[in-house]
Amino acid sequence: QAAEELGVTITFEGPETEAMVDKQVEMVQTALDKNPDALCLAALDAQALIPQLEAAQAAGIPVIGFDSGVDSDIPLATAATDNIAAAALAADKMVELIGGSGQVAVIVHDQTSRTGIDRRDGFVNRIESEYPDVEIVDIQYGGGDHLKSTDLAKAILQANPDVKGFFGANEGSIIGVLNAVTEMGLEGEIVVIGYDSGAQQQEAIRSGLQAGAITQNPVGIGYECVKAAYDAINGEELPEVIDTGFYWYDADNIDEDHIQAVLYD
């Protein structure tokens with residue numbers, strides 16, 4: 001949408017899973033070898049791509065981060081959700097829905113990407129600082145993979161039969177939690193809260209299997225990233241962070257216009 005409006009040509013590449021950091025590094029290097037006018041980057045690892053960013057800077061190629069940033073000041077701007085605030089809202093909703101006390105567990109996609117770190121810390125820090133009667137019994141990392149996340153969630157539930165709530169920090173993580181709850185016959189017994197908004201989550205929220213989720217504004221993230229890249233090419237000053245917003249959605253508001261506009265299938 002942004003490319004059409006601005007008259008620019010974009011290519012879009014990404015590895016098959018969020019665990020393929022080395023493959024993403026290769027893809028970024030290949031993209032830079034073509035000497036683009038700008039690079040938009042959603043990093044799988046906050047540090048692995050620093051050499052490529054330094055090469056881009058040396059070549060005069062502006063870099064714009066989107067969705068997941070890097071531990072570097074080379075990107076001129078990053079279009080992203082405030083993941084710490086969004087995960088903190090998920091924690092608030094979790095505590096409310098489990099009745100203010102009890103055990104909860106967390107599955108995160110990784111502990112290397114900015115999104116993984118921030119969503120974990122946003123959730124955990126809010127619980128630990130504000131809700132002394134809630135205990136986080138386990139945090140596991142499933143690489144955003146449905147099957148691995150399912151196995152991890154089942155193991156957590158088997159080891160902690162008193163768990164009242166489960167937070168999945170991205171699409172793959174929460175699908176794993178939903179699979180585990182279903183396979184173990186725990187529907188309706190555990191408050192499940194997710195992040196992102198794919199078709200399976202939407203269906204689970206409508207059916208009551210999942211209490212709700214945080215949705216980002218994925219279209220807005222992509223749009224603002226390309227727009228920022230265009231502005232950078234043209235020498236415009238950019239804000240360091242472009243906050244693209246987030247929403248809590250559940251069965252009560254999923255069909256409202258402002259929510260439907262930011263969901264994806």
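Everything here concerns the structure above.
Residues numbered from 1 in each chain as written. Predicted model: local features only at pLDDT ≥ 70, side-chain atom pairs only at ≥ 80, totals over all residues. Heavy atoms only, no water.

## Section: the packing of aromatic side chains
Moving on, step 1. Here the structure, examined in full by the defined rule, presents 1 aromatic pair.
Moving on, step 2. Between F123 and F167 the ring centres are 4.5 Å apart and the planes differ by 10°, which places this aromatic pair in the stacked class. A residue pair is termed long-range when its members are at least 10 positions apart, and F123 in helix α5 (residues 114-130) and F167 in strand β6 (residues 163-168) qualify at 44 residues. With respect to burial, F123 and F167 carry one shared label: buried.
Moving on, step 3. Between the NZ or CZ atom of R119 and the centre of the ring of Y195, over which it lies, the distance is 3.9 Å. (Phe/Tyr/Trp six-rings, centres within 6.5 Å; stacked < 30°, edge-to-face > 60°. Helix = DSSP H or I, 4+ residues; strand = E, 2+ residues; numbered from the N terminus. Buried < 20%, exposed > 50% of the residue type's maximum accessible area, 1.4 Å probe, protein only. Lys NZ or Arg CZ within 6 Å of the ring centre and 35° of its normal.)

## Here's the deal with the state of the cysteines
One covalent bond between the sulfur atoms of two cysteine residues makes up a disulfide.
Moving on, step 1. Taken as a whole and judged by the stated rule, the model has 0 disulfides.
Moving on, step 2. Of all cysteine sulfurs, the one in C225 lies closest to C40, which takes part in no disulfide; the gap is 3.0 Å.
Moving on, step 3. Residue classification places C225 among the buried positions, given a relative accessible area of 2%. (Disulfide = S-S within 2.5 Å.)

## Points about the environment of V104
Moving on, step 1. Position of V104 relative to the elements: it lies in strand β4 (residues 102-108).
Moving on, step 2. Residues V104 and A91, 13 residues apart in the sequence, show an inter-C-alpha distance of 9.9 Å.
Moving on, step 3. Ignoring anything within four residues of it in the chain, the contact list for V104 reads M94, I98, F123, V134, E135, I136, V137, D138, V163 and G165. (Contact = heavy atoms within 4.5 Å.)

## Here we look at the pairing of β4
Regular strands place side chains that alternate from one sheet face to the opposite one.
Moving on, step 1. Summarising burial for β4: 6 of the 7 residues are buried, a large majority.
Moving on, step 2. Here β4 pairs with strand β5 (residues 134-141) via 7 bridges, running parallel. Among the inter-strand pairings, G102 is bridged to a residue of β5, identified as V134.
Moving on, step 3. Regarding topology, α5 serves as the crossover connection from β4 to the parallel β5, and that connection is right-handed.
Moving on, step 4. Alignment of β4 against β6, held across 5 bridges, turns out to be parallel. When the sheet's bridge partners are listed, I107 is paired in β6 with G168. (Pairing = 2+ DSSP bridges. Right-handed = clockwise from strand over helix to strand, strands pointing away.)

## Some remarks on the sheet that holds strand β1 (residues 39-41)
Moving on, step 1. Taken in spatial order, the 4 strands make up an open sheet running β1-β2-β3-β9, and their pairing is parallel. Every interior strand has two partners, whereas the edge strands, β1 and β9 (241-243), have only one. The sheet shows a mean angle of 20° between the axes of neighbouring strands, taken without regard to direction.
Moving on, step 2. Where β1 lies against strand β2 (residues 63-66), 3 bridges are found, and the strand directions are parallel. Paired with L41 across the two strands is G65, which belongs to β2.
Moving on, step 3. Along the sheet, helix α9 (residues 218-233) contacts β1, β2, β3 (77-80) and β9; its crossing angle with β2, the most-contacted strand, is approximately 170°. (Axes fitted to C-alpha atoms, helices over the stretch in contact; angles between N-to-C directions.)

## Regarding the pattern of salt bridges
Moving on, step 1. A complete count under the given rule lists 9 salt bridges for this structure.
Moving on, step 2. Taking the shortest distance from any N to any O, the salt bridge between K23 and E16 comes out at 2.9 Å.
Moving on, step 3. E16 sits in the exposed class, given a relative accessible area of 58%.
Moving on, step 4. In this structure, D255 engages R206 in a salt bridge whose closest nitrogen and oxygen atoms are separated by 2.8 Å. On the criterion of sequence distance, the pair formed by D255 in the loop between β10 (247-250) and α10 (257-260) and R206 in helix α8 (residues 199-207) is long-range, its members being 49 residues apart.
Moving on, step 5. On the basis of relative accessibility, which here comes to 46%, the residue R206 falls in the partly exposed class. (Salt bridge = Lys/Arg side-chain N within 4 Å of Asp/Glu carboxyl O.)

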